[in-house]
Amino acid sequence: MNRITTLYSSTIGKKFIAAVTGLILFGFLVGHVAGNLKVFTGSTEAGVPHVDEYGHFLRIVGEPFLPKMAALWIARIVLLASVALHIVVVVQLAFRNLEARPVGYVRSKKSASTLAALWMMFSGSLIAFFIVFHLLHFTLGALPIGEFQHGAIYKNIYSSFQNPLISLFYVVVMGVLGFHLYHGVWSLFQTLGIDNPDRNKSLRMFAIIATIGIVVGFSLVPLSFMTGMMPEPIAYDPALLSH
Ligand code: HEM
C-alpha cells in the first residue's frame, strides 16, 4: 500500500497514471469509432441495422457466465475510474508545474510548454463537458434532440443528426478531441520512455495517423447523416434483438 501511495504522490507516478488512464481511454475511442462505423454497413436480412445488433451484443456479452449488462457495467466502471483519475492527476500535475515555475524572465521554450499545458486543460474540459452532454444525449435520451428509443441506435443517430447544429457541434468537438489526442499520445510516449531520437519520426507519424483515423472516423457519422447521404431508418420488431 505504501508503495502505491508513494507512487501516487510522486510526479513521475502521476504522469504514469495519466499515461495509463489515457491509454485506456484511447483504446475505448478506437473501439467506439469502429462500432460507430457499423452505421455504414447496412442491416441484417430481418432489417435490424448492424449498429443496433452491435449495441445489443455489448449489452449481452459474457452471458450465460455473467448476468446481462454485467460486462458492459464492468467496462463502464473502468472507463469512469479512468476518466476521473486522468482528470485528478493532470490537474494536480498542472498545479505542481505552476508552483515550480521560476518567477520573472521566462524563456520562450517554457512559455511554449505552458501554452501546450493550457491547451490540454482547455480541450480536456471541453471533452469532459462533451462526455456528460453525449451520455445525456445518446445513452439516456434525456435531451430534447430528435427522437430517442433505447437500443434503436441507428434511428437515434439518424434523428439527431438531421439537426445541422448538433452535427456540427459533434464535428467541432471531434476536431478539438483530435488535437488533445495527438498531444496526449505524444506525451504518453515520453512518459513511458518509448521516445528516442531514432524512433521519434515514426512515433510522431503514428500519433498523427491514429488521431486522424479517430477524428475522421467519428466525424464521418454526423457529416453523412446531416448531408442526407444515409437511408432512413426502417422500423423492426425489437424482439429480434432479444435473443
Ligand atoms: C461523432 C461522434 C460520436 C457518435 C456519433 C457517438 C455515438 C454514440 C451512441 C449512439 C452511443 C449510445 C450507444 C448505445 O446506445 O449503446 C454512444 C455512447 C457513448 N459514447 Fe459516443 N459517440 C461519438 C463520440 C464519442 C466520443 C468522442 C466519446 C468520448 C470522448 C464518446 C463516449 C461515449 C460513451 C462513454 C458512451 C456510453 C457507452 C455506454 O456506457 O453504454 N462518444 N455514443
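Reading guide: rules and limits
- Residues numbered from 1 in each chain as written.
- Predicted model: local features only at pLDDT ≥ 70, side-chain atom pairs only at ≥ 80, totals over all residues.
- Helix = DSSP H or I, 4+ residues; strand = E, 2+ residues; numbered from the N terminus.
- Buried ≥ 20, exposed ≤ 12 C-beta atoms within 10 Å, placed from the backbone.
- Contact = placed C-beta atoms within 7 Å.
- Near = placed C-beta within 6 Å.
- Nonpolar A, V, L, I, M, F, W, Y, C, P; charged D, E, K, R; others polar.
- Axes fitted to C-alpha atoms, helices over the stretch in contact; angles between N-to-C directions.
- Parallel < 35°, antiparallel > 145°, perpendicular 65-115°, else oblique.
- Left-handed = near helix turned anticlockwise from the far one by under 90°.
- Core = buried A, V, L, I, M, F, W, Y, C linked by C-beta atoms within 7 Å.
- Expected span 1.5 Å × (residues − 1).

Student: Could you clarify how one ought to interpret the overall build of the chain in this entry?
Tutor: For the chain, the helix and strand inventory stands at eight helices and zero strands. When the elements of the chain are put in sequence order from the N terminus, they spell out α-α-α-α-α-α-α-α. Per-residue burial for the chain yields a buried fraction of 17% across its 243 residues. Sequence separation of at least 24 residues holds for 69% of the intrachain contacts in the chain that already meet a minimum separation of 6.

Student: Looking at this structure, how should I read the site of the ligand?
Tutor: The local shell around the ligand holds 19 residues, among which G55, F138, Y170, F218 and V221 are the closest. Those elements that provide at least two residues to the shell around the ligand are helix 2 (11-36), helix 5 (108-139), helix 6 (153-160), helix 7 (164-191) and helix 8 (200-226). Here the shell around the ligand gets six residues from one element, more than from any other, and that element is helix 5. Here the residues of the shell around the ligand sort into twelve nonpolar, six polar and one charged.

Student: Can you walk me through helix 6 in this structure?
Tutor: Residue pairs spaced three or four apart in an α-helix point in one direction, given the helix's 3.6 residues per turn. With six of eight residues buried, helix 6 is to be regarded as a mostly interior element. Taken residue by residue, helix 6 has I153, Y154, K155, N156, I157 and S160 as its buried positions.

Student: Would you mind showing me how to read unusual backbone geometry here?
Tutor: Phi is mostly negative for residues that are not glycine, and the peptide bonds are mostly trans. The omega angle of the peptide bond from E63 to P64 is 5 degrees, so this bond is cis rather than trans. Mapped onto the fold, P64 is located in the loop between helix 3 (50-60) and helix 4 (70-100).

Student: Is there a simple way to think about the packing of helix 2 against helix 7 in this case?
Tutor: Two numbers describe a pair of packed helices, the interaxial angle and the distance between the axes. Axis separation between helix 2 and helix 7 bottoms out at 9 Å; the angle between their running directions is 130 degrees. With respect to helix 7, the element helix 2 is oriented oblique. The two elements helix 2 and helix 7 meet at a crossing, and its hand is left-handed. Within the contact between the two elements, helix 2 uses K15, F16, A19, G22, L23 and F26 and helix 7 uses L181, G184, V185, L188 and T191. Its residues assigned to classes, the contact of helix 2 with helix 7 shows seven nonpolar, three polar and one charged.

Student: Which parts of the structure should I look at to understand the nonpolar core?
Tutor: Note that soluble globular proteins tend to have their nonpolar side chains buried in a common cluster. With 20 residues, the main nonpolar core has Y154, I157 and M174 as its most contacted residues. At the level of secondary structure, the elements contributing two or more residues to this core comprise helix 6, helix 7 and helix 8. Top contributing element to this core by residue count: helix 7, with seven residues.

Student: Explain the environment of G228 to me, please; I cannot follow it from the model alone.
Tutor: Within the secondary structure, G228 sits in the segment after helix 8. Look at G228 and you get exposed, because 9 C-beta atoms sit within 10 Å.

Student: Looking at this structure, I do not really get the environment of F218. What am I missing?
Tutor: Relative to the helices and strands, F218 is located in helix 8. When the C-alpha positions of F218 and A34 are compared, they lie 8.8 Å apart, and in sequence the two are 184 residues distant.

Student: Help me out: how do you make sense of helix 4 in this one?
Tutor: Along its 31 residues, helix 4 runs 45 Å from first to last C-alpha, staying within 8% of the 45 Å computed at 1.5 Å per residue. Along helix 4, the residues classified as buried are H86, V89 and V90.

Student: Explain the environment of T11 here, please?
Tutor: In this structure, T11 sits in helix 2. Assessed through the 13 C-beta atoms surrounding it within 10 Å, T11 is described here as partly exposed. C-alpha separation for the pair T11 and T211, spaced 200 residues apart in sequence, amounts to 27 Å.

Student: Where do I start with the packing of helix 7 against helix 8 in this structure?
Tutor: At a closest axis distance of 9 Å, the pairing of helix 7 and helix 8 adopts a crossing angle of 170 degrees. Between helix 7 and helix 8, the crossing angle belongs to the class labelled roughly antiparallel. When grouped by side-chain class, the residues that make up the contact of helix 7 with helix 8 number 21 nonpolar, five polar and one charged.

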